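Summary of structural features
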Amino acid sequence: AGAAGLSSDQMVAMAKGLQAVTTFGDDAIISMQSQLLTFTKIGGDVVPRATEAILDLATKMGGDLKGAAVQVGKALNDPVQGITALSKVGVSFTDSQKDVIKSLVETGDVAGAQKIILAELAVEFGGSARAARDTFGGAVTALQNAFGDLLEGDGGNLKDAKEGVESLTKALSDPQVQ
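Residues numbered from 1 in each chain as written. Predicted model: local features only at pLDDT ≥ 70, side-chain atom pairs only at ≥ 80, totals over all residues. Heavy atoms only, no water.

Overview of the overall build of the protein
When helices and strands are counted, the protein shows 10 helices and zero strands. From first element to last, N terminus to C terminus, the protein shows the α and β order α-α-α-α-α-α-α-α-α-α. Relative to a compact globule of 178 residues, whose C-alpha radius of gyration would be 16 Å, the protein shows 21 Å and is clearly more extended. Its C-alpha atoms put the protein at 75 × 35 × 25 Å along the principal axes. The buried share of the protein, taken over its 178 residues, is 33%. The contacts of the protein with a sequence gap of at least 6 include a subset with a gap of at least 24, amounting to 61%. Surface accessibility of the protein: about 10000 Å² in total, with carbon and sulfur atoms responsible for 55%. If the 15 positive side-chain charges of the protein are averaged to one point and the 22 negative ones to another, these points end up 4 Å apart. (Helix = DSSP H or I, 4+ residues; strand = E, 2+ residues; numbered from the N terminus. Rg over C-alpha atoms; globule rule 2.2 N^0.38 Å. Buried < 20%, exposed > 50% of the residue type's maximum accessible area, 1.4 Å probe, protein only. Contact = heavy atoms within 4.5 Å. Areas by Shrake-Rupley, 256 points an atom, 1.4 Å probe, with all protein chains shown as cover. Lys, Arg positive; Asp, Glu negative; His and termini not counted. Charge placed at Lys NZ, Arg CZ, Asp CG, Glu CD.)

Overview of the environment of Leu-36
With respect to the secondary-structure elements, Leu-36 resides in helix H2 (residues 26-36). It is 20 Å that separates the C-alpha atoms of Leu-36 and Gly-127, two residues lying 91 residues apart in sequence.

Here we look at the confidence of the model for the protein
For any part of a model where pLDDT is low, the fine detail of the predicted coordinates should not be relied upon. On average, residues of the protein carry a pLDDT of 86, and 92% of them reach 70 or more. When pLDDT is averaged over each helix and strand of the protein, the minimum, 74, is found for helix H10 (residues 159-173) and the maximum, 94, for helix H6 (residues 95-106). (pLDDT = per-residue confidence, 0-100.)

A short note on the side chain of Thr-22
With respect to the secondary-structure elements, Thr-22 resides in the loop between helix H1 (8-21) and H2. The buried category is assigned to Thr-22, whose relative accessible area is 1%. At a separation of 2.8 Å, a polar atom in the side chain of Thr-22 contacts the main-chain carbonyl oxygen of Leu-18. In contact with Thr-22, other than residues within four places in its own chain, are Ile-29, Leu-55, Ala-129, Arg-130 and Arg-133. (Polar contact = N/O pair within 3.5 Å; in protein donor to acceptor, adjacent residues only side chain to side chain.)

What to know about the packing of helix H3 (residues 47-61) against helix H7 (residues 110-125)
Between H3 and H7, the shortest axis-to-axis distance is 10 Å and the interhelical angle comes to 35°. In terms of crossing hand, the pair formed by H3 and H7 is left-handed. Across the interface between the two elements, Arg-49, Ala-50, Ala-53, Asp-56, Leu-57, Lys-60 and Met-61 of H3 pack against Lys-115, Leu-118, Ala-119, Leu-121 and Phe-125 of H7. Here the residues of the contact of H3 with H7 sort into eight nonpolar, no polar and four charged. (Axes fitted to C-alpha atoms, helices over the stretch in contact; angles between N-to-C directions. Left-handed = near helix turned anticlockwise from the far one by under 90°. Nonpolar A, V, L, I, M, F, W, Y, C, P; charged D, E, K, R; others polar.)

This is how it looks when you write it as structure tokens:
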């Protein structure tokens, strides 16, 4: 098992599953998860919800995955300070939520505090990444992601096709042909 108790196969499977329902490519999601896992107080049971929260936050706020991963990662790693940082980017926590988070951290229940933060992120941003996929632009992006995956495959899945396209492009660009 790797960081946070999740194997690399589990992380890749999670990323591939999220690529199918969002506009983010699996490589970008895996890179973001690697960033998230640099925060040592985030356990494997929290990673799936945190990953979706980051995708939703990046979608809704128009930011990048790395920046959203750092914001959410910091908040989950140090919940008391983290909610202050999230508040600065527009996430609202009630005084009651802040008190419960502080109390949970003081009693050593960081995971409980993380769940409150993730629940609030879900209330405010939940489903944004999946909704973005359910648009024409989202469909085009998903096609690009799928095509990118096809090109990544071993054995040169499209090597011959690429060479054919390059040859055709060269022929069409020839001044004598034009």
